[in-house]
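# Working through the structure, step by step
One letter stands for each residue in the lines below.
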Amino acid sequence: MVRTALAVLVIDENRIRAAIIEAGLREAGHERVTVIHDVTGIARRIAEIEPDVIVIDLENPNRDMLENMFQLSRAVKRPIAMFVDRSDQASIEAAVDAGVSAYVVDGLRQERVKPILDMAVSRFNAFSRMARELEEARNELESRKVIDRAKGILMKSRGLSEEAAYTLLRKTAMNQNRKISDIAQSLVTAAGLLGPAEDE
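Residues numbered from 1 in each chain as written. Predicted model: local features only at pLDDT ≥ 70, side-chain atom pairs only at ≥ 80, totals over all residues. Heavy atoms only, no water.

Looking at an unreviewed UniProt entry, the protein carries the name Response regulator receiver and ANTAR domain protein, with the source organism given as Rhizobium loti.

Another point: the UniProt feature "domain: ANTAR" (unreviewed entry) in the protein. Under the UniProt annotation, the feature "domain: ANTAR" (unreviewed entry) is placed at residues 127-188. What you have in residues 127-188 is 90% helix and 0% strand, and the ends, taken at the C-alpha atoms, are 35 Å apart. (UniProt positions renumbered as here; feature names shortened; annotations may be inferred. Helix = DSSP H or I, 4+ residues; strand = E, 2+ residues; numbered from the N terminus.)

Under the UniProt annotation, the feature "modified residue: 4-aspartylphosphate" (unreviewed entry) is placed at Asp57. Positionally, aspartate 57 belongs in strand β3 (residues 53-58). Beyond its immediate stretch of four places on either side in the chain, aspartate 57 contacts Ile11, Asp12, Arg17, Ile21, Phe83 and Leu108. (Contact = heavy atoms within 4.5 Å.)

Trans is the common state for peptide bonds, and a negative phi is the common state for residues other than glycine. In the Ramachandran plot, glutamate 50 falls in the positive-phi region, its phi being about 50° despite a non-glycine side chain. Locating glutamate 50 in the fold gives a position in the loop between α2 (42-49) and β3. With phi around 50°, lysine 77 is a residue other than glycine that occupies positive phi space. Examined against the element boundaries, lysine 77 turns out to sit in the loop between α3 (63-76) and β4 (80-84). On the accessibility criterion, lysine 77 (63% relative accessible area) is exposed. (Buried < 20%, exposed > 50% of the residue type's maximum accessible area, 1.4 Å probe, protein only.)

Here we come to the pairing of strand β1 (residues 7-12). The buried count for β1 comes to 6 of 6 residues, which makes it a mostly enclosed element. With 5 bridges joining them, β1 and strand β2 (residues 32-36) adopt parallel strand pairing. Its bridge partner lying in β2, isoleucine 11 is registered against isoleucine 36. (Pairing = 2+ DSSP bridges.)

Let's shift gears to the environment of leucine 117. Along the chain, leucine 117 falls in helix α5 (residues 110-158). The class for leucine 117 is buried, based on a relative accessible area of 1%. Counting along the chain gives 23 residues from leucine 117 to glutamate 140, while the straight-line C-alpha distance between them is 34 Å. If we skip the residues at most four places from it in the chain, leucine 117 touches Val8, Leu25, His30, Val53 and Val55.

Below, the discussion takes up the pattern of salt bridges. Where charged atoms of side chains with opposite charge meet at close range, the side chains can pair. Tallied over the entire structure, the rule returns 8 salt bridges. Salt-bridge contacts for glutamate 22 lead to arginine 26; the nearest nitrogen and oxygen are separated by 3.0 Å. Taken as a pair, glutamate 22 and arginine 26 lie in helix α1 (residues 15-27) at a separation of 4 residues, close to a single helical turn. Under the relative-accessibility criterion, glutamate 22 is labelled partly exposed at 25%. (Salt bridge = Lys/Arg side-chain N within 4 Å of Asp/Glu carboxyl O.)

On to the environment of histidine 37, then. With respect to the helices and strands, the residue histidine 37 is situated in the loop between β2 and α2. Judged by its relative accessible area of 23%, histidine 37 is partly exposed. The spacing of histidine 37 and valine 10 is 27 residues in sequence and 8.4 Å in space, taken between C-alpha atoms. In this view, histidine 37 contacts Asp12, Glu13, Arg15 and Ala18; residues no more than four positions away in its chain are not counted. Here aspartate 12 takes part through its backbone oxygen, which lies 3.0 Å from a polar atom of the side chain of histidine 37. Here the side chain of histidine 37 touches arginine 15 through a polar contact of 3.2 Å, side chain to side chain. (Polar contact = N/O pair within 3.5 Å; in protein donor to acceptor, adjacent residues only side chain to side chain.)

All right, on to the side chain of aspartate 57 then. Look at aspartate 57 and you get buried, because its relative accessible area is 3%. Among the polar contacts listed, one links the side chain of aspartate 57 to the side chain of arginine 17, at a separation of 2.6 Å.

This paragraph deals with the nonpolar core. Generally speaking, a soluble globular protein has its nonpolar side chains buried in company with each other. Of all hydrophobic cores here, the largest spans 21 residues; its most connected members are Ile56, Phe70 and Met82. For this core, the secondary structure elements donating two or more residues are β1, α2, β3, α3, β4 and α4 (89-98). Considering every element that reaches this core, the biggest residue donor is α3, with 5 residues. In this structure methionine 82 touches Ile56, Leu58, Leu66, Met69, Phe70, Val100, Ala102, Tyr103 and Val104, once residues within four positions along its chain are discounted. Grouped together as the second largest cluster of nonpolar side chains are 17 residues, Val10, Ala102, Val104 and Leu108 included. (Core = buried A, V, L, I, M, F, W, Y, C linked by side-chain atoms within 4.5 Å.)

Next up, the structure:
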């Protein structure tokens with residue numbers, strides 16, 4: 001399996017610690033590594049660099065710094081591995097809520113950088129896949145509800161059976177080269193405009 005080279009962004013105000021992370025990444029074969037020491041305007045810099053993965057090292061983070069990084073994490077929608085020297089339960093929970101893929105407390109060592117990065121990417125991909133599947137399931141459920149409402153409207157207004165109402169929706173969708181749910185939504189909307197709640 002051939003992997004494309006990941007572009008990795010390292011955000012670390014401490015140059016010595018950043019060098020440890022960079023060395024770990026380069027030793028693991030990552031050649032596209034960018035290191036930023038100044039977090040001023042970091043969102044703009046991330047947009048310019050467009051990294052595949054972000055590694056954030058916060059030596060002694062205060063609450064404001066952690067919250068800023070968590071907000072960044074929510075916004076960038078990329079795998080993020082975060083190293084901190086100390087933490088508490090609230091910070092760990094905030095990191096998880098913000099979508100940080102790997103939150104490592106007191107674990108910054110060169111040989112650990114690659115496995116942690118790999119894990120962050122894997123967790124991010126798994127979470128993204130689950131979020132996508134959840135959204136698809138929600139959309140499918142919403143489509144079914146709309147189709148059921150449209151069938152009810154057809155059954156009441158035309159005296160059709162449920163099966164005949166569905167067949168009519170499907171035939172109309174095929175003839176117009178549209179999805180059944182789109183036809184159903186149009187019917188529900190039109191019924192709402194034309195009279196008293198016919199779909200109740």
